[in-house]
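# Residue-level structure breakdown
Single-letter residue listing:
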Amino acid sequence: MARKVTLFTGQWADLPLAKLAKMAKGFGYDGLELACDADHFEIDKALTDRSYVQDKRNLLKKYNLNCFAINVSLVGQCVADRFIDERHRRMIPARIWGEGDPESVRQRAAQEVMDAARAAAGMGLKRVIGFTGSPIWHLIYSFPPNDFDEIEAGYREVADRWNPILDVFDAEGVRFCLEVHPTEIAYDIHTTRRTFEALDYRPAFGINFDPSHLHHQFVDPVVFLESFADRIYHVHVKESIRHLDGRNSILGSHLNFGDPRRGWESVSYTHLRAHETVLDLVCRLL
């Protein structure tokens, strides 16, 4: 059976969902992965307004589109980040930001991810895609020298913050799919394995595989797939390209995306010939 190809709506949050759904159907997509952003999928309304979920279903049906997952990445980032600041305020709902007290933001974000599991179940979905945040990302370079007990404590903190969330996912029969990504607790093969260990390999916690976040780090996406084949619950078909010219690096040089001086850039598979080995392996694993 052919796999359904859907469009993640997060990059289109400036467009009303009704307009985007019509566009996506015209592009040839089979459905949408709804971002919990703008009017695309509002978790609070999904849980409090009986007609809200049915209205979303009706809109998708109008354009013969499916939905297999919702995406709570932006709020999920706030659950375990060490530093909560203006970057976070700009990307999350005002009700989650509140007065901006960092721990209060983390707690509200955690509750929102729990509610995402409940809302997904109410939508008849089995997967929520998202980020975890990380209390130790700022320690990536190990200079000034790290206290590696603090690194271990970071994994324990993520487990402490995410286990109660995953209890709700278990109760709702929904799985959380972490998009392994720089700035998350898991960003490569070693850190992904350590995250699974910290969470005792709970079945509710798996991976949204997106090779674009691995390639520019020089992590082999095929090796990643082979390492975690049984935990790949969802896939984003996106790639990255490297522009390493001797002047830049994979760290980004504090240059914004789209700047030609950057050392790497995310691209779509529609704009770059796919790595056939990666795609073939994904199709065989899922």
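As a starting point, this report considers the structure included with it. (Residues numbered from 1 in each chain as written. Predicted model: local features only at pLDDT ≥ 70, side-chain atom pairs only at ≥ 80, totals over all residues. Heavy atoms only, no water.)

### Observations concerning the overall build of the protein
A tally of helices and strands in the protein yields 12 helices and 9 strands. Over its C-alpha atoms the protein spans a radius of gyration of 19 Å, differing by no more than 12% from the 19 Å that the globule rule assigns to 286 residues. Referenced to the eigenvectors of the C-alpha coordinate spread, the extents of the protein come out at roughly 55 × 45 × 35 Å. Relative to its full complement of 286 residues, the protein shows a buried share of 49%. Once local pairs closer than 6 in sequence are excluded, the contacts in the protein between residues at least 24 apart make up 72%. Only carbon and sulfur atoms are counted for the fraction: they give 53% of the accessible area of the protein, which is about 14700 Å². Charge separation in the protein, taken as the distance between the mean sites of 35 positive and 41 negative side-chain charges, equals 6 Å. (Helix = DSSP H or I, 4+ residues; strand = E, 2+ residues; numbered from the N terminus. Rg over C-alpha atoms; globule rule 2.2 N^0.38 Å. Buried < 20%, exposed > 50% of the residue type's maximum accessible area, 1.4 Å probe, protein only. Contact = heavy atoms within 4.5 Å. Areas by Shrake-Rupley, 256 points an atom, 1.4 Å probe, with all protein chains shown as cover. Lys, Arg positive; Asp, Glu negative; His and termini not counted. Charge placed at Lys NZ, Arg CZ, Asp CG, Glu CD.)

### A short note on helix 7 (residues 102-122)
Look at helix 7: 30 Å from first C-alpha to last across 21 residues, which is about the 30 Å you get at 1.5 Å a residue. The complete set of buried residues in helix 7 reads Val105, Arg106, Ala109, Ala110, Glu112, Val113, Met114, Asp115, Ala116, Ala117, Ala119 and Ala120. Just past helix 7, the residue Gly124 takes up positive phi, approximately 80°. (Expected span 1.5 Å × (residues − 1).)

### Re the layout of surface pockets
Quantified by volume, the second largest pocket comes out at close to 210 Å³. Contributing to the lining of the second largest pocket are 16 residues, with Ile136, Leu139, Ile140, Ile151 and Tyr187 lying nearest its centre. Within the residue set of the lining of the second largest pocket, elements represented by two or more residues are helix 8 (148-172) and helix 9 (189-198). Here the residues of the lining of the second largest pocket are counted per class, giving 9 nonpolar, 5 polar and 2 charged. (1 Å grid on protein atoms, 1.4 Å probe; cavity = no way out; pocket = protein on both sides within 12 Å on 5 of 7 lines; lining within 4 Å. Points joined across faces, edges and corners; volume = space filled by probe spheres on them. Nonpolar A, V, L, I, M, F, W, Y, C, P; charged D, E, K, R; others polar.)

### With respect to a nonpolar patch on the surface
Judged by side-chain polarity, Ile140, Tyr141 and Phe143 come together as a nonpolar surface patch covering roughly 430 Å² of accessible area. If you trace the backbone, Tyr141 turns up in the loop between strand 4 (127-130) and helix 8. (Patch = residues over 30% accessible without salt bridge, like charges linked within 9 Å, V, L, I, M, F, W, Y side chains within 5 Å. Salt bridge = Lys/Arg side-chain N within 4 Å of Asp/Glu carboxyl O.)

### Re the side chain of Arg262
On the secondary structure map, Arg262 appears in the loop between strand 8 (238-242) and strand 9 (264-268). Setting aside anything within four residues of it in sequence, one finds Arg262 in contact with His243, Asn248, Gly252, Leu255, Asn256 and Phe257.

### Observations regarding the sheet that holds strand 2 (residues 31-35)
Across a sheet, strands are paired by hydrogen bonds formed along the backbone, either parallel or antiparallel in direction. If you walk across this open sheet you meet the 7 strands as 1-2-3-4-5-6-7, and the pairing is parallel. The open sheet is flanked by strand 1 (6-8) and strand 7 (232-235), the only strands paired with a single partner. Pairing of strand 6 (residues 205-209) with strand 7 involves 3 bridges; the strand directions are parallel. Of the residues in strand 7, the one forming a bridge with Phe209 is Val235. Its contacts with the sheet put helix 7 on strand 3 (70-71), strand 4 and strand 5 (175-179), and the angle it makes with strand 4 is roughly 145°. (Pairing = 2+ DSSP bridges. Axes fitted to C-alpha atoms, helices over the stretch in contact; angles between N-to-C directions.)

### Observations regarding unusual backbone geometry
Note that the residue after Phe143, namely Pro144, is joined by a cis bond; omega there is -5°. Residue position: Pro144 is located in the loop between strand 4 and helix 8. Here the phi dihedral of Asn64 falls at roughly 55°; this positive angle occurs in a residue that is not glycine. With respect to the secondary-structure elements, Asn64 resides in the loop between helix 3 (50-62) and strand 3. Positive phi is not limited to glycine here, since Phe218 has a value of about 65°. Looking at the secondary structure, you find Phe218 in the loop between helix 10 (212-215) and helix 11 (221-227).

### Quick word on the packing of aromatic side chains
All told, the structure shown has 12 aromatic pairs when counted by the stated rule. Ring centres 6.1 Å apart and planes at 65° place the aromatic pair Phe41 and Tyr52 in the edge-to-face group. In this pair, Phe41 sits in the loop between strand 2 and helix 2 (43-48) while Tyr52 sits in helix 3, placing the two residues 11 residues apart along the sequence. What makes Phe41 buried here is its relative accessible area of 1%. Classification of Tyr52 as buried rests on a relative accessible area of 8%. Ring geometry for Phe169 versus Phe176: centroids 5.8 Å apart, planes at 85°, classification edge-to-face. (Phe/Tyr/Trp six-rings, centres within 6.5 Å; stacked < 30°, edge-to-face > 60°.)

### Focus on the packing of helix 8 against helix 9
Where helix 8 meets helix 9, the closest approach of the two axes is 9 Å, and the angle between their N-to-C directions is 55°. Considering their axes alone, helix 8 and helix 9 lie oblique with respect to each other. Taken as a pair, helix 8 and helix 9 cross one another with a handedness that is right-handed. Residues Ile151, Glu152, Tyr155 and Ala159 of helix 8 touch helix 9, and the partners they reach there are Thr191, Arg194, Thr195 and Ala198. Class assignment for the residues of the contact of helix 8 with helix 9 results in 4 nonpolar, 2 polar and 2 charged. (Parallel < 35°, antiparallel > 145°, perpendicular 65-115°, else oblique. Left-handed = near helix turned anticlockwise from the far one by under 90°.)

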